[in-house]
Amino acid sequence: MLNQDLNKSPSTPTHSSHVFLAYQDFGKQKIKRLIQILRITQIALLLVSIITISLGRYGDAVVLLATGIFLLSVDWVIYKKRPLIGATIFLGTLTLMLSYLAWVGSGIRDNALLGYCGVLVFAAMLGNKRLLIILLSIMVTVLLLNAYVNEYGIYQNTIEPINLATGIITIIVLAVIGSAIWMLAHDYRAALEALARENERVKSAKNHIEHMVLHDPLTGLPNRIMAQNNFDSIFQKARERQQLLGLIFIDLDNLKPINDSLGHQAGDQILKEVALRLLSYTKKVDRVCRYGGDEFIVFMPDINSPDQVSQASLEILQLVSENYIYRNIEIFCTCSIGIALAPQDGEDLDTLIKKADIAMYHSKDSGRNSFRFFNPAINRNMLEHISLISGMRKALQDNQFSLHYQPKIDLHTNQVCGLEALLRWNHPDQGFIPPVTFIPLAESSGLIIQLGEWVITEACAQAKRWYDEGILQFAVAVNISSIQFKRGNIDAIVLGALATSGLPPQYLELELTESLLIEDSDRLATTLAHLRSEGVHLSIDDFGTGYSNLGYLKKFEVEALKIDQSFVRKMDDHSGDAAIVRAIIQMATSLGLKTIAEGVEDANTAALLRSLGCTQAQGYYWARPMPADEVKNFCLTER
Ligand code: C2E
Ligand code: CA
Ligand code: CA
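These remarks concern the structure in this document. (Residues numbered from 1 in each chain as written. Chains lettered and ligands numbered in written order. Predicted model: local features only at pLDDT ≥ 70, side-chain atom pairs only at ≥ 80, totals over all residues. Heavy atoms only, no water.)

The next point concerns the packing of aromatic side chains. Each aromatic ring pair is described using two quantities: the centre-to-centre distance and the angle formed by the ring planes. A complete count under the given rule lists 14 aromatic pairs for this structure. Both rings, one in F231 and one in F235, keep their centres 5.3 Å apart while their planes meet at 15 degrees; by these two values the pair is stacked. Of this pair, F231 and F235 both sit in helix α9 (residues 224-240), 4 residues apart, which is roughly one turn of the helix. Taken individually, F231 and F235 each receive the classification buried, so the pair is uniform in this respect. Look at F401 and F438: their rings are 5.6 Å apart centre to centre, the planes differ by 50 degrees, and that puts the pair in the tilted class. Of the two residues, F401 is situated in strand β8 (residues 401-410) and F438 in helix α15 (residues 435-445); the sequence distance between them amounts to 37 residues. (Phe/Tyr/Trp six-rings, centres within 6.5 Å; stacked < 30°, edge-to-face > 60°. Helix = DSSP H or I, 4+ residues; strand = E, 2+ residues; numbered from the N terminus. Buried < 20%, exposed > 50% of the residue type's maximum accessible area, 1.4 Å probe, protein only.)

Below you can see the structure in the form of structure tokens.
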């Protein structure tokens, strides 16, 4: 064992190698001790032999000196890396020598037998159990034999007189034993200390691992697993005090665009900052948790009424929406909050989170940067919404979306004068889902950014194909949601799609909503001016349904108004809608704008619109939205 330890080379200091090194050190230490005790013993043998010479006991002196010299062989054995054999030779020789001296001296009463104690101590220290037992057996045999021969008169030991010399010999033997025991105790203490240090290291490593398992590495907040533990104890206390527990589910509204535009480091920075702000609010780390990518949970114990949770949610909304600074850039990030209360909404964390999550989607739905309590009435509706939203994400990856195109007709020539791209979702289970169902959800969930980008890219690519075939004498229109303007870098996306597809910009038209334009922000004005200057056309969709503030018509370089189909369809009854359509057309004409009537389903309406001076129209009367491969035929058909 000792030998093996000596031959092992130290490995890298991992956890297990620390333990190994401790044993190896102990092995080296043992050899050091063996040599030290060997030396002390040899010196003691020399001293004692001098004393015995002075006493005239030359025979004993020769034995002592011979033993001392013979013990030099132990050095050689140790040098040959056999410390255990060295120890055996050393202690065996000593035992034989002591037994001989006792036998020829005072027998059982001989002070040489004191040396037995020393040999046993050395054996325990330097040898192993087997050596200890063998030596002890030899000693017992010698003692018994000595007692026996004296008892039966076979041999008679004489008790030597006590004098100064025998006293000094005894002191020397005691000194040797004493120093050996001191060394033993010292080594033992050192080993204990090394063990304690090792223990400490293991403990701190364990704590570190535990922390890693239970905490989010980015923010250092408790993770889901830890949140479960914290919830259990917080809820238990709330229950004992008959109080409510509020679960505030926080979802950041715009982490994705931040990641997309400024990089993941910026997103990480925001997440860390949000974590800090939430911690500064709750003051206690067991009340916050990072639940997922951009989701956090705050537990509100000690609640007596839901108002307190409302108040807390307001404060959290405020905290999160304060500016973030990343590399000297100011970043805005808001959050949407859903709240569930225990025990009324559920008594386990999973149920509460599910309900808070539904409430959170509800607050996203109603414009974000707001909070909502879980309400069972909206539950089913929300669940459908949630499944549609996640379905949409998947649909984008799985190419379930496609574009259909509806022709716009020039009312004078009856020829196609434009195409409108309309999104279609062919759901694998639910079949065709109309855009009126999923566009609002895409807008409220923010998914419209990606979806809208897909539409623009796809429409540009298709338009380029038609352009190359020579059938594109007009622009292809794409519907743009106001969210795309507010949240995304729409000009970069549009110009990027044009560049990638190679479609000249004048063949692309963007249909904007009135509600977007009345916002009248400088950023919007710059974006639209940029797009116009590149040659992209702009028109206003669903005109008449919005605020109809005509100021913006001049401000932004819009070229066409699309008269909403609700007016067009009721033009021939007497509701006064015909008058509205006439007014819109007159106003548009005076501003130099084209008018496009939507939702024309019959010849009468078409004729009426023509008579009112409307320039273009679109509707089932001419064509329903059709797949791209039917467009060419339609365009080439004579009318
Ligand atoms: P919209 O932009 O007003 O599009 C016209 C809608 O009226 C289309 O419905 C079209 O199929 C329908 N329509 C056209 N002619 C007639 C007609 O004669 N009679 C009737 N009853 N309907 C007619 P669709 O395709 O279901 O689209 C509905 C709305 O969804 C669109 O209204 C638009 O607001 C939105 N949408 C569609 N595609 C996109 C898109 O790619 N992006 C965005 N942001 N919104 C889109
Ligand atoms: Ca439209
Ligand atoms: Ca429309």
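Bringing the side chain of D564 into the picture now. With respect to the helices and strands, D564 occurs in the loop between β14 (560-563) and α22 (565-569). Although buried, D564 forms no salt bridge, and the nearest oppositely charged side chain, R569, lies 6.8 Å from it. (Lys, Arg positive; Asp, Glu negative; His and termini not counted. Salt bridge = Lys/Arg side-chain N within 4 Å of Asp/Glu carboxyl O.)

Bringing the coordination of the calcium ion (ligand 2) into the picture now. A four-donor tetrahedral metal ideally has 109.5 degree angles, and a six-donor octahedral metal ideally has angles of 90 or 180 degrees. The coordination sphere of the calcium ion (ligand 2) contains the protein donors E420 (OE), N479 (OD1), E511 (OE) and D541 (OD), at a distance range of 2.2 to 2.3 Å. Positions of the donor residues of the calcium ion (ligand 2) along the chain correspond to the pattern E-x58-N-x31-E-x29-D. Separating the calcium ion (ligand 2) from the calcium ion (ligand 3) is a distance of 4.0 Å, and D541 supplies a donor atom to each of them. Placement of the pair is N479 in strand β11 (residues 476-479) and E511 in strand β12 (residues 508-513), with a sequence separation of 32 residues. (Donors = N, O, S within 2.8 Å, 3.2 Å for Na, K, Ca; no water.)

In the contact formed by helix α6 (residues 114-126) and helix α8 (residues 164-214), the axes pass within 9 Å of each other and the chain directions differ by 20 degrees. With respect to α8, the element α6 is oriented roughly parallel. The element α6 and its partner α8 pack so that their crossing is left-handed. For the pair α6 and α8, contact is made by L114, G115, C117, G118, V121, F122 and M125 and by T170, V173, V176, I177, A180, I181, M183 and L184, respectively. When grouped by side-chain class, the residues that make up the contact of α6 with α8 number 12 nonpolar, 3 polar and no charged. (Axes fitted to C-alpha atoms, helices over the stretch in contact; angles between N-to-C directions. Parallel < 35°, antiparallel > 145°, perpendicular 65-115°, else oblique. Left-handed = near helix turned anticlockwise from the far one by under 90°. Contact = heavy atoms within 4.5 Å. Nonpolar A, V, L, I, M, F, W, Y, C, P; charged D, E, K, R; others polar.)

Attention shifts here to the coordination of the calcium ion (ligand 3). Within the protein, the atoms that donate to the calcium ion (ligand 3) are D541 (OD), D542 (OD), E598 (OE) and E598 (OE), at distances of 2.1 to 2.5 Å. Its relative accessible area of 29% is what places D542 among the partly exposed residues. Here E598 falls in the buried class, since its relative accessible area comes to 7%.

The omega torsion across A342 and P343 is 5 degrees, close enough to zero to call that bond cis. You can see P343 is positioned in the loop between β6 (335-342) and α13 (349-365). The phi dihedral of K81 is positive, around 65 degrees, even though this residue is not glycine. Considering the arrangement of structural elements, one finds K81 in the loop between α4 (72-79) and α5 (83-104).

On the surface, D572, D573, E601 and D602 cluster together into a negatively charged patch. As for its placement among the helices and strands, D602 is situated in the loop between β15 (594-597) and α24 (603-611). (Patch = residues over 30% accessible without salt bridge, like charges linked within 9 Å, V, L, I, M, F, W, Y side chains within 5 Å. Areas by Shrake-Rupley, 256 points an atom, 1.4 Å probe, with all protein chains shown as cover. Charge placed at Lys NZ, Arg CZ, Asp CG, Glu CD.)

Let us now look at the layout of surface pockets. Its volume calculated, the largest pocket comes out at about 1400 Å³. Forming the boundary of the largest pocket are 45 residues, of which D253, N254, L255, K256 and P257 lie nearest the centre. At the level of elements, β1 (244-252), α10 (255-262), α11 (264-282), β5 (329-331), α13, α14 (376-397), α16 (448-469) and α17 (482-487) are the ones that each hand at least two residues to the lining of the largest pocket. Considering every element that reaches the lining of the largest pocket, the biggest residue donor is α10, with 8 residues. Across the lining of the largest pocket, the residue classes tally to 16 nonpolar, 13 polar and 16 charged. (1 Å grid on protein atoms, 1.4 Å probe; cavity = no way out; pocket = protein on both sides within 12 Å on 5 of 7 lines; lining within 4 Å. Points joined across faces, edges and corners; volume = space filled by probe spheres on them.)

This next bit is on the packing of α5 against helix α7 (residues 129-151). Where α5 meets α7, the closest approach of the two axes is 11 Å, and the angle between their N-to-C directions is 10 degrees. One element, α5, and the other, α7, form an angle in the roughly parallel class. On the side of α5, the interface is formed by A87, T88, L91, G92, T95, S99 and W103, while α7 contributes L131, L135, I138, M139, V142, L145, N146 and V149. For the contact of α5 with α7, the per-class residue count stands at 10 nonpolar, 5 polar and no charged.

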